[in-house]
Amino acid sequence: MTGPAWLSGESTDGTSVTGTARRSRVFAELWASVLVGTSYIPLRRDEVVDLLTELTDDLVTALLAEPFAPGPARAAGARLVAAHFTSGDSVERSVRIIGERLLPELGLTGVQPAARMTAVLGGFAAGYALGLRERVLSEQEAIHSAVLDARAEAEAALRASEAKFRAMFADAAIGIGIADRTGRVVEANSALLRMTGMTRPAVLASNVRDYVHPDDLADGLWDSFEHVCRGELDHYQVEKRLCRPDGGWVWAHVTCSLVRGDDGSPQFVVAVMEDVTERHALSERLRYQATHDPLTGLPNRSLFLDRLARVFAAGNDGGAAAGGRVGMCYLDLDGFKVINDSLGHAVGDRLLVSVARRLDEAIAGRGRLIARMGGDEFVVLVEGTTGTEDVVAIARTVLDALRAPVRIGGHELTVTASIGVVERPLAGTTSADLVRDADITQYWAKADGKGRWRVYDPERNAHEVGRFTLSAALPAAMDREEFFVEYQPLVRLRDERTVGVEALVRWMHPELGRLGPDRFIDLAEETGLIVPLGRWVLRTACRQARSWLDRFGSDAPFVSVNLAVRQSREPGIVDDVLAVLRDTGLPPHQLQLELTESAIMGTADEPLEALRRLADAGVRIAIDDFGTGYSNLAYLRHLPVTELKIAGSFVEGLRAAERSDPVDAQIVATLVALAHALDLTVTAEGVETPEQARRLRRIGCDSAQGW
């Protein structure tokens, strides 16, 4: 078997060509296990598996084609019919196993294959249906040829041909009827009588127009029959409903052919009709399954996006919807993963069903579409809005509808949702923009505390985009050496001598200019880049401190470097610090590491042991921003700390005598006394004025630093 193009290298999950081919074979085995026995076929099981392996490759080719083309999927459906798998069970089981197992078994877990699966299933079903129809058409052509051949036979063989035709006419499994130019039925076989549920006399007393469904008549879908009767058309095919006397109808594939006289004038119309009611029902079932969530019954992402695209198309074609507005609520359940993980997926599924039912009962209506986007995400599309308040009202209704607890399997569950609200004119935007902005706003609602709604804010989005842009640029900035270090003096208050400096990293952005740490340190923490960045700052600062030591000797200042929480919890932090000291030649006592109070007070045993090892090696340890975090004073005496740095917010009240805050002064005095009792030195941050320095010196503070 020759594989498709996607097997020529590595598969999407990095497996080898051989591994991918093996996965195709494994999926084909699964497919064969549900397919064999649904239809009679002249093939051994291993031959069936070989065939299904080829069809599997065709389906994956359709999934990964660029640009997307459903041709291979349709061909796979047609080949299944050609192999004589022609029962309803054959296609239904095939569609189910392809939809549920193809992507996991082949390892195709990317966004592109998942998004295209619906279209591939549709192409496969369409190819299967087309294959069935072509098979029936072959039979119909044989019958039609027999009719025409009968006219062309010589008079000597006419009676034999008529007998043959009568036998085929009477015993054919598909319905055959003959009508004159006026549409009056002049002959019908037994299969047609069964289809219509009528007796022969009743059929022969009827007209073709009696079987036309009113909707089809109003749409002019039977005009082609009139053209055939008038001799303007020799034949046509159509799939339509045929009315029955009991008020029901059957779906039939109808082929009408004109029989002309010797002079070429229209004489009769032969109609060959196949009952395709079951196939039509299957097609409708497949279409429903492809566009609806199997768990909740709500429209799925595919149907939602299709409806949204049609809304925007109608708004941009200059029609009645032009100039209209549209709104969207994008909601995500809060804490759903905890329910799934703790109580099981069965409980989680029942909760999703309950949420879907509440949404439908609370907000369903004309111009609104409620869909499940996947997982615990739902979306409400609101057409014809008049302003943001219309969509906000729906968001409030949703939160109210979800407020009551849900009882599932003996558990009383309370569920809330975070909702992103977007409302705007159809003109000047796109459906993709609307979905993206609603999804982004939903994340804002969750970040702001959950169980609430938020309206899309362009300024906030611009800020978030800016943060993302900086975050994405961080690794390259490290490679391009765009970071640099500035040093803020630590001044001893009793003699105003510089005894140390704090190393502060800055970013010289090529477009935004000089950026302070408040613009990028949090991003570095989130991305994990804080570890290599912190290591670089440490090495740079120690190298500078060594140069000062060489120049000033014992008068050289020590260097204080901030240690991020993530750095302190790195397994190799001690080795990293000692290696930097060794490589730069800086004595350990010339280095001070600063950790925030909340970080060092909440440190677990392993990171705390690392700090003790560093302290034992001679490295100074300082608590930064003391007084703003845990303030666990009893725990403080057990930490390997040599210095406390009082947060600048407490020093703020000591700037001027006439505006001095006695509370701040008392707090600072208490912290200084506490630190000295524990044999720790104290540095006050944020010292900007001589008055602050004098007050801190009188209180007993050892050092100060400021901008």
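Since we're looking at a predicted model, the values are computed, not measured. (Residues numbered from 1 in each chain as written. Predicted model: local features only at pLDDT ≥ 70, side-chain atom pairs only at ≥ 80, totals over all residues. Heavy atoms only, no water.)

A. Structural detail: the nonpolar core. Ranked by internal contacts, the top residues of the largest apolar core, which has 70 residues, are Val559, Val561, Val577, Leu591, Leu593 and Leu696. For this core, the element with the highest residue contribution is helix α19 (residues 530-552), accounting for ten residues. Apart from residues lying up to four places away in sequence, Val561 is in contact with Ala503, Val537, Leu538, Ala541, Leu591, Gln592, Leu593 and Glu594. One finds Ala32, Val49, Val60 and Val95 within the second-largest nonpolar core, a separate group that totals 39 residues. (Core = buried A, V, L, I, M, F, W, Y, C linked by side-chain atoms within 4.5 Å. Buried < 20%, exposed > 50% of the residue type's maximum accessible area, 1.4 Å probe, protein only. Helix = DSSP H or I, 4+ residues; strand = E, 2+ residues; numbered from the N terminus. Contact = heavy atoms within 4.5 Å.)

B. Empty space enclosed by the protein, seen in detail. Counted by the stated rule, this structure contains three cavities of 30 Å³ or more. Volume-wise, the largest cavity comes out at about 230 Å³. When the residues that make up the lining of the largest cavity are grouped by side-chain class, the tally is 15 nonpolar, two polar and no charged. (1 Å grid on protein atoms, 1.4 Å probe; cavity = no way out; pocket = protein on both sides within 12 Å on 5 of 7 lines; lining within 4 Å. Points joined across faces, edges and corners; volume = space filled by probe spheres on them. Nonpolar A, V, L, I, M, F, W, Y, C, P; charged D, E, K, R; others polar.)

C. Fine view of unusual backbone geometry. Here Glu66 and Pro67 are connected by a cis peptide whose omega angle stands at 0 degrees. Secondary-structure assignment places Pro67 in the loop between α2 (45-64) and α3 (71-82). Despite not being glycine, Lys450 has its phi angle at roughly 65 degrees, a positive value. For Lys450, the location among the structural elements is in the loop between α16 (431-447) and β12 (453-455). Accessibility expressed as a relative area gives 41% for Lys450, which makes it partly exposed.

D. A look at the side chain of Asn207. Here Asn207 shows up in the loop between α8 (200-204) and α9 (214-218). Within the structure, the side chain of Asn207 is placed 3.1 Å from the backbone oxygen of Thr182, a separation counted as a polar contact. The residues contacting Asn207, other than those within four sequence positions of it, are Thr182, Gly183, Arg184 and Val185. (Polar contact = N/O pair within 3.5 Å; in protein donor to acceptor, adjacent residues only side chain to side chain.)

E. Layout of the sheet that holds strand β1 (residues 175-180). If you walk across this open sheet you meet the five strands as β2-β1-β5-β4-β3, and the pairing is antiparallel. Each of the sheet's edge strands pairs with one partner strand only, and the pair in question is β2 (185-188) and β3 (235-243). Adjacent strand axes in the sheet meet at a mean angle of 25 degrees, parallel and antiparallel pairs treated alike. As paired elements, β1 and β2 share three bridges and run antiparallel to each other. (Pairing = 2+ DSSP bridges. Axes fitted to C-alpha atoms, helices over the stretch in contact; angles between N-to-C directions.)

F. Geometry of the packing of aromatic side chains. Inspection of every chain in the model, using the stated rule, returns seven aromatic pairs. Between Phe483 and Phe520, the aromatic rings sit 5.5 Å apart at their centres with planes inclined by 55 degrees, giving tilted as the arrangement. With Phe483 in strand β13 (residues 483-492) and Phe520 in the loop between β15 (513-515) and α18 (521-527), this pair connects stretches of sequence that are 37 residues apart. As far as the burial class goes, Phe483 and Phe520 line up, both buried. (Phe/Tyr/Trp six-rings, centres within 6.5 Å; stacked < 30°, edge-to-face > 60°.)

G. Broad picture of the layout of surface pockets. One number sums up the size of the largest pocket: a volume of about 1,600 Å³. Surrounding the largest pocket, 43 residues form its lining, Thr118, Leu121, Gln289, Ala290 and Asn300 being those nearest its centre. Residue assignment for the lining of the largest pocket shows that the elements contributing at least two residues are α4 (88-106), α5 (111-152), α11 (277-291), α12 (301-315) and β7 (368-374). Here the residues of the lining of the largest pocket sort into 22 nonpolar, ten polar and eleven charged. Computed from the structure, the second largest pocket encloses a volume of approximately 790 Å³. Lining the second largest pocket are 30 residues, with Glu502, Leu504, Pro517, Asn562 and Asp624 sitting closest to its centre.

H. Expanded view of the state of the cysteines. Tallied over the full model, the rule gives zero disulfides. Of all cysteine sulfurs, the one in Cys256 lies closest to Cys229, which takes part in no disulfide; the gap is 8.2 Å. Judged by relative accessible area, Cys229 falls into the buried class, the value being 4%. (Disulfide = S-S within 2.5 Å.)

I. View of helix α21 (residues 573-584). Under the 1.5 Å per step criterion, the end-to-end length of α21 is 17 Å for twelve residues, consistent within 8% with the ideal 16 Å. Every buried residue of α21 is listed here: Ile573, Val574, Val577, Ala579, Val580, Leu581 and Thr584. At the C-terminal side of α21, Gly585 shows a positive phi close to 75 degrees. (Expected span 1.5 Å × (residues − 1).)

J. Just the sheet that holds strand β6 (residues 325-333), in detail. Pairing within the open sheet is mixed, and its five strands lie in the order β7-β8-β6-β11-β12. For this open sheet the edge positions go to β7 and β12, each flanked by a neighbour on one side alone. Ignoring which end each strand starts from, the neighbouring axes of this sheet average 20 degrees apart. Pairing of β6 with strand β8 (residues 377-383) involves seven bridges; the strand directions are antiparallel.

K. Layout of the pattern of salt bridges. All chains considered together, the criterion is met by 42 salt bridges. The salt bridge partner of Arg454 is Asp448, with a shortest N-O separation of 3.0 Å. For Asp448, a relative accessible area of 30% puts it in the partly exposed group. Where salt bridges share partners, they join Arg424, Asp433, Arg436 and Asp437 into one cluster. (Salt bridge = Lys/Arg side-chain N within 4 Å of Asp/Glu carboxyl O.)

L. Molecular detail of the packing of α4 against α11. For the pair α4 and α11, interaxial distance at closest approach is 11 Å and the crossing angle is 5 degrees. One element, α4, and the other, α11, form an angle in the roughly parallel class. Across the interface between the two elements, Gly88, Val91, Glu92 and Val95 of α4 pack against Leu282, Arg285 and Leu286 of α11. Looking at the contact of α4 with α11, its residues break down into four nonpolar, one polar and two charged. (Parallel < 35°, antiparallel > 145°, perpendicular 65-115°, else oblique.)

M. Representation of the pairing of strand β4 (residues 249-260). Counting buried positions along β4 yields ten of twelve residues, so the element is predominantly enclosed. Here β3 folds back onto β4, and the loop between the two strands holds five residues, one of which, Gly247, carries a positive phi near 95 degrees. In the sheet, β4 pairs with strand β5 (residues 266-275) via nine bridges, with the strands oriented antiparallel. Within the sheet, the bridge partner assigned to Leu258 lies in β5 and is Val269. Hairpin geometry of β4 and β5 is characterised by an intervening segment of five residues between the two adjacent antiparallel strands and by a positive phi of about 90 degrees at Gly264.

N. A look at the confidence of the model for the chain. Across the chain, the average pLDDT comes to 83, with 87% of residues at 70 or higher. When the elements of the chain are averaged for pLDDT, helix α6 (residues 155-171) gives the smallest value, 60, and strand β16 (residues 558-562) the largest, 96. Long-range and interchain partners of residues 1-18, a stretch whose pLDDT sits below 50, account for 29 contacts in this model, where long-range means more than four residues apart. (pLDDT = per-residue confidence, 0-100.)

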